[in-house]
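The chain contents come next:
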Amino acid sequence: MKRIALLGATGSIGRQALEIVDAHPELELVAAASGSQPIDGLAPLTQVGGDLTDLLERAEPDCVLNAVVGFAGVGATLWALERGIDLALANKESLVAAGDLALAAHARGGGRLLPVDSEHSALFQCLEGRSADHVESLVLTASGGPFRGRRRDELVDVTPAEALAHPTWNMGPKITIDSATLANKGLELVEAHFLFGVPYERIEIVIHPTSTVHSLVRLRDGAALAHLGYPDMRVPISFALTYPERAVTPVPPLDLAGGLTLEFGAPDLETFPLLRLAREAGERGGTYPCVFNAANEVAVAAFLDGRLPFLEIAAVVEEALAAADGAPARDLDELVEADRRARETADGRIPVA
Ligand SMILES: NC(=O)c1ccc[n+]([C@@H]2O[C@H](COP(=O)([O-])OP(=O)(O)OC[C@H]3O[C@@H](n4cnc5c(N)ncnc54)[C@H](OP(=O)(O)O)[C@@H]3O)[C@@H](O)[C@H]2O)c1
């Protein structure tokens, strides 16, 4: 039996994780948490809001699936990594904001860090058992979101409803907006850097509209290994929860004989500057990625509330990065302070409703 603690049980990832847990008697849900929705009876231990590490202390899980959205997931990520408890990580924001602290905690704890993000799950699988010397670079694929192919002047008036209409993935609202701005791919770039220890100049982003190829690894002999499948998060969730067993899922195999066309192209960094800003923040290091994430969270919430135009999301993030000193955080308290200051700067830039 594997004892699972599911954080973010009411979300898009959380609900799909419950389906996987229900289908596997060897997975036991011992604890579940949400931010505000009631979840009484979902698991022997439940918690709504509050400090997630209190719940984890009581639950004593073998594996934490962190599917909380945003910086709120940082404490739980560090808790699991520090104790060497397997961490199935959907909450990419925690690794972006706390990358250095997370790596140090992971090194001390010695547990497994299993990515749930489909691109990173793909990279993990393509890299597994491979010598780092053989790897030339990583290639993260991006669908391009609902506004792929548009120019900046065509994005001036886009509404939250338009931005929420993602072409390939059905996800929570924050990550869906991040996909429309390409901030999501920026977060994933930083996530990949910390997960796989590959420098930024060797992580490439390509647009691939159907999300069939989840990511690729280029090897030094010219070969490229790709991971393909239908865009269905149950596959990477199941992979992480049942690792290393690789359990069966209800997801059908790819229909190749029916005709499958794979299209790739370069991202438009002019129209979608958040991808460039994330790369710069990652390369500068320290708390710059934390600032990028915090300002982006504030700006996305304001866009969803109708208080900020779509194109201003990037402007808010750029200004928060310019105002920050980026000094590395030596502990969680310093990180929380860097996050708070970035939110304050971003908030100050957003018109009051
Ligand atoms: N959805 C996807 O396909 C997908 C793919 C790859 C990666 N991810 C990543 O997975 C994470 C979750 O995404 P999602 O799409 O599932 O988001 P979502 O549908 O918005 O769900 C977010 C979950 O987090 C909970 N939550 C929010 N604040 C919390 C807090 N302070 N304490 C405890 N729980 C809290 C929410 O609870 P309430 O319902 O009570 O608010 C909800 O259960 C994100 O980091 C996202 O980037 C998602």
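Residues numbered from 1 in each chain as written. Predicted model: local features only at pLDDT ≥ 70, side-chain atom pairs only at ≥ 80, totals over all residues. Heavy atoms only, no water.

(A) Expanded view of the sheet that holds strand 8 (residues 203-207). On the basis of which strands lie adjacent, the open sheet formed by four strands has the order 8-7-9-10 and mixed pairing. Two strands close off the open sheet at either side, each with one partner strand: strand 8 and strand 10 (224-228). The sheet shows a mean angle of 20° between the axes of neighbouring strands, direction not considered. Relative to strand 10, strand 9 (residues 213-219) runs antiparallel, the two sharing five bridges. (Pairing = 2+ DSSP bridges. Helix = DSSP H or I, 4+ residues; strand = E, 2+ residues; numbered from the N terminus. Axes fitted to C-alpha atoms, helices over the stretch in contact; angles between N-to-C directions.)

(B) Structural detail: the site of the ligand. Residues in close proximity to the ligand total 25 residues, the closest being T10, S36, Q37, E93 and G172. Within the backbone of G11, one N or O atom sits 3.0 Å away from an oxygen atom of the ligand. In this structure, S36 approaches the ligand through a main-chain N or O atom, which is 2.6 Å from an oxygen atom. Considering the ligand on its own, with 900 Å² of exposed area, one finds that the protein chains cover 86% of that surface. (Near = heavy atom within 4 Å. Polar contact = N/O pair within 3.5 Å; in protein donor to acceptor, adjacent residues only side chain to side chain. Areas by Shrake-Rupley, 256 points an atom, 1.4 Å probe, with all protein chains shown as cover.)

(C) Region of interest: helix 2 (residues 52-59). Among all positions of helix 2, only L52, T53, L55, L56 and A59 are buried. Summarising the axial view, the buried residues of helix 2 lie within an arc of 155°, below the 170-degree limit, and thus occupy one face. Check the buried side of helix 2 and you find it contacts strand 1 (2-7), strand 2 (27-34), strand 3 (45-48), strand 4 (63-66) and helix 3 (74-83). Where helix 2 terminates, the next one or two residues include E60, which has phi positive at roughly 45°. (Buried < 20%, exposed > 50% of the residue type's maximum accessible area, 1.4 Å probe, protein only. Arc of directions from axis to C-beta. Contact = heavy atoms within 4.5 Å.)

(D) View of the nonpolar core. Core analysis: the biggest nonpolar cluster contains 119 residues, and F292 and F310 have the highest contact counts within it. Looking at this core, the element that brings in the most residues is helix 12 (residues 288-304), giving eleven residues. Leaving out residues up to four positions away in the same chain, F292 has contacts with A183, L187, L274, L277, A278, A281, V317 and L321. (Core = buried A, V, L, I, M, F, W, Y, C linked by side-chain atoms within 4.5 Å.)

(E) Expanded view of the packing of helix 1 (residues 12-23) against helix 10 (residues 234-242). Viewed as axis vectors pointing N to C, helix 1 and helix 10 meet at an angle of 60°, and their least axial separation amounts to 9 Å. With respect to each other, helix 1 and helix 10 are oriented oblique. Crossing of helix 1 against helix 10: the hand is right-handed. Of helix 10, the residues touching helix 1 (which contributes I13, Q16, A17, E19, I20 and V21) are R234, I237, S238 and L241. When the residues that make up the contact of helix 1 with helix 10 are grouped by side-chain class, the tally is six nonpolar, two polar and two charged. (Parallel < 35°, antiparallel > 145°, perpendicular 65-115°, else oblique. Left-handed = near helix turned anticlockwise from the far one by under 90°. Nonpolar A, V, L, I, M, F, W, Y, C, P; charged D, E, K, R; others polar.)

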